[in-house]
Amino acid sequence: MKARSTAAAVAAYALCCRDLVSAGPIQKRGALDQMLEITTLGGMTFKIHQVPNKKYYGQRKGRGAMAIARAYSKYGASVSDDLLATIEEILEELGLLGNTGAGNNTTDDPQGEVAATPQMFDTEYLCPVEIGTPPQTLNLDFDTGSSDLWVFSSETPANEVMGQTAWDISQSSTAMLLMGSTWSISYGDGSSSSGDVYLDTVSIGGVTVENQAVESARNVSLSFTQRPDTDGLVGLAFGSINTVQPNPQKTFFENALPNLASPLFTANLKKAEPGNYNFGFIDQSEFTGQIEFVPVNTSSGFWEFTADGYQVANSAAVSAPHQAIADTGTTLLLLPQEITDAYYSQVQGAVNDVQRSGGYIFPCSATLPDYTAIIGSHQAVIPGDFINFAPVDGDTFETATTCFGGIQAAPAGFPLAIYGDVFLKAQFVVFHGGNQQLGLANKPL
């Protein structure tokens with residue numbers, strides 16, 4: 001793989017948009033000034049601004065149930081029949097159920113609908129990515145919880161495409177079939193996507209990687225077909241969990257790594273407005289205080305780290321070590337059951353309605369306490385208003401009486417907590433591929 005640039009140091013802008021002991025060594029920004037400066041690698045830096053997803057449904061009834069169903073499905077956990085029935089009712093109410101535009105094998109399976117609309121409710125912002133020569137622009141979702149770059153393409157059957165922009169392979173002079181290679185992704189809800197693999201030129205934010213593996217969809221289930229806003233996905237976890245067979249392929253970040261000014265990217269996601277990703281540099285105007293780093297365990301293929309405990313509002317800090325992953329592709333913050341229970345014990349009227357609503361619900365009039373995740377010596381505060389995730393019985397917070405929480409329990413038996421966007425939007429996060437570390441800092445909210 002090779003990346004190229006037009007200058008030695010490029011800042012390319014493209015629309016895309018305290019009380020507990022650490023389980024590992026913590027490094028602060030003051031001790032790492034040299035690392036945070038632009039170093040002499042490939043010299044490239046770029047900033048990617050998110051752009052609005054025009055198909056985003058917003059804070060509407062059912063968003064919470066769909067978000068938890070999608071998160072569980074992503075990691076292979078089961079979703080209750082009662083919750084599936086609730087989702088089906090909501091989809092039918094919205095006129096999104098039973099669309100005959102996709103003639104694949106999940107059309108009649110209600111479980112195949114679980115992932116169909118969360119993208120409309122969850123992913124408010126996407127990122128444009130250029131593929132091929134001449135470049136074709138597709139809107140893709142950046143996902144640190146997976147490692148495949150896959151897209152709708154000219155190989156995707158016409159009845160499985162419903163408004164997505166498909167990559168036209170024949171129109172790219174640099175596309176080359178990777179003979180004998182296939183890929184396949186499947187989720188716990190029965191949704192899936194699969195196809196063959198090409199090598200082509202991919203550009204994100206002005207940085208170009210040649211011979212990047214692009215996974216072309218020859219088959220997608222209804223759950224993906226009914227997400228017309230998203231043309232595919234850019235996985236930013238580690239290549240060890242890439243699904244290409246017989247030889248897993250490197251991610252875009254891994255291929256671009258040697259050519260970046262610093263071997264890292266940052267996520268500055270925001271609540272109710274576009275955020276940005278920076279590759280190759282750390283913008284010190286985007287955070288306050290110090291960045292504190294914790295080790296990443298890459299053996300699972302995820303950005304896995306140790307969270308040491310928590311604090312609810314101004315109560316005493318509680319030691320509760322658990323393994324977690326930072327996942328920009330999951331909307332909710334999914335914590336161990338006992339921590340989730342402890343949080344909602346401080347919310348008046350909260351009820352764990354797993355069967356029908358998918359998790360904890362509470363009166364919309366309730367005042368939610370802040371939640372502090374203690375990770376090493378860093379205290380990551382999530383304001384209570386970030387945790388009021390979605391209305392349950394109305395299309396707006398103003399008309400609803402019951403609301404769904406952005407903190408929920410991780411799937412039973414799943415060994416990792418999932419720190420998704422509810423957490424990430426409250427933090428400035430550094431994904432350091434060179435040192436295999438995760439950096440966290442506070443930022444203006």
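The residue numbering used here restarts from 1 in each chain and proceeds along that chain's sequence as written. Side-chain atom pairs in this predicted model are given and counted only at pLDDT of 80 or more, local residue features only at pLDDT of at least 70, and totals for whole chains, interfaces and linings cover all residues. Side-chain numbers here rest on the full set of heavy atoms in the structure, without hydrogens or water.

1. Examining the overall build of the protein chain
So, point 1. The secondary structure listing takes helices from DSSP runs of H or I that are at least 4 residues long and strands from runs of E that are at least 2 residues long, numbered from the N terminus. For the protein chain, the helix and strand inventory stands at 10 helices and 27 strands.
So, point 2. Type-normalised accessible area, obtained with a 1.4 Å probe on protein chains alone, sets the label of each residue: buried when under 20%, exposed when over 50%, and partly exposed for intermediate values. The burial tally for the protein chain puts 60% of its 445 residues in the buried class.
So, point 3. For the accessible areas, the method is Shrake-Rupley and the probe is 1.4 Å, while residue cover comes only from the protein chains on display. Just so you have it, the protein chain exposes about 16,400 Å², and 50% of that area is on carbon and sulfur atoms.

2. Some remarks on the packing of aromatic side chains
So, point 1. Two rings from Phe, Tyr or Trp (for Trp, the six-membered ring) form a pair when their centres are within 6.5 Å of each other. A pair whose planes differ by under 30 degrees is stacked, one over 60 is edge-to-face, and the rest are tilted. Using the criterion set out here, one finds 23 aromatic pairs in the structure.
So, point 2. Here Phe265 and Phe431 contribute two aromatic rings whose centre-to-centre distance is 4.7 Å and whose plane-to-plane angle is 10°, an arrangement assigned as stacked. With Phe265 in strand S12 (residues 264-268) and Phe431 in strand S26 (residues 428-432), the pair connects residues that are 166 residues apart, well separated along the chain. Accessibility classification places Phe265 together with Phe431 in one group, the buried group.
So, point 3. With a centroid separation of 5.4 Å and 80° between ring planes, the pair formed by Phe305 and Tyr419 is classed as edge-to-face. In this pair, Phe305 is assigned in strand S15 (residues 304-312) and Tyr419 in strand S25 (residues 417-419), connecting sequence segments 114 residues apart.
So, point 4. Since its relative accessible area comes to 2%, Phe305 is described here as buried.
So, point 5. An aromatic cluster is present here, built from Phe142, Phe238, Phe253, Phe265, Tyr277, Phe279, Trp303 and Phe431 joined pairwise through their rings.
So, point 6. Of note, Lys271 hangs over the ring of Phe386, and the distance from its end group to the ring centre comes to 5.6 Å. Sitting over a ring, as applied to charges here, requires NZ of Lys or CZ of Arg to be within 6 Å of the ring centre and within 35 degrees of the ring normal.

3. Notes on helix H2 (residues 63-74)
So, point 1. Taking 1.5 Å of rise per residue, the 12 residues of H2 would be expected to cover 16 Å, and the 16 Å separating its terminal C-alpha atoms lies within 8% of that figure.
So, point 2. Just beyond H2, the residue with positive phi is Gly76, at close to 80°. Multiply 1.5 Å by the residue count of a helix minus one, and that product is the helix's expected span.

4. Regarding the pattern of salt bridges
So, point 1. Salt bridge, as applied in this entry: a Lys or Arg side-chain nitrogen positioned within 4 Å of an Asp or Glu carboxyl oxygen. Using the criterion set out here, one finds 4 salt bridges in the structure.
So, point 2. Among the salt bridges present, the one from Asp327 reaches Lys74, with a minimum N-O distance of 3.0 Å. Note that Asp327 is positioned in the loop between strand S16 (318-326) and strand S17 (333-335) and Lys74 in helix H2, a separation of 253 residues in sequence. An identical accessibility class is assigned to Asp327 and Lys74; each is buried.
So, point 3. Asp196 is the salt-bridge partner of Arg218, the closest N and O atoms lying 2.8 Å from each other. Taken together, the positions of Arg218 in strand S10 (residues 207-220) and Asp196 in strand S9 (residues 192-204) put the pair 22 residues apart, joining distant regions of the chain.
So, point 4. Looking at Arg218, the relative accessible area reads 45%, which means it is partly exposed.
So, point 5. Under the relative-accessibility criterion, Asp196 is labelled buried at 11%.
So, point 6. The network of salt bridges with shared partners includes Lys74, Asp143 and Asp327.

5. Description of the sheet that holds strand S18 (residues 351-353)
So, point 1. Any two strands are treated as partners once DSSP identifies two or more bridges connecting them. Taken together, 4 strands build an open sheet; the order of strands is S18-S19-S23-S22 and the sheet is antiparallel. Here the strands that pair on one side only, and so sit at the sheet edges, are S18 and strand S22 (388-391). Looking at each pair of strands side by side, their axes are set apart by 45° on average, direction ignored.
So, point 2. Two strands pair when backbone bridges link them, and S22 and strand S23 (residues 402-405) are joined in this way by 3 bridges, in the antiparallel orientation. Paired with Asn388 across the two strands is Gly405, which belongs to S23.
So, point 3. Sheet strands touched by helix H7 (residues 337-344): S18, strand S19 (359-363) and S23. Its angle to S19, the strand with the most contacts, is close to 5°. Every axis corresponds to a line fitted to the C-alpha atoms, with the helix fit spanning only the stretch in contact, and the corresponding angles, defined between N-to-C directions, vary from 0 to 180 degrees. Working rule for contacts: check all heavy atoms of both residues, and any pair within 4.5 Å makes them a contact.

6. Observations regarding the state of the cysteines
So, point 1. Defined by distance alone, a disulfide is two cysteine sulfur atoms within 2.5 Å. Taken as a whole and judged by the stated rule, the model has 1 disulfide.
So, point 2. Paired through a disulfide, Cys364 and Cys403 show a sulfur-sulfur distance of 2.1 Å. When the S-S torsion is 105°, as for the bridge of Cys364 with Cys403, the disulfide is right-handed. Here the residue Cys364 occupies a position in the loop between S19 and strand S20 (371-375), and Cys403 occupies one in strand S23, the gap between them amounting to 39 residues.
So, point 3. The class of Cys403 is buried, set by a relative accessible area of 0%.

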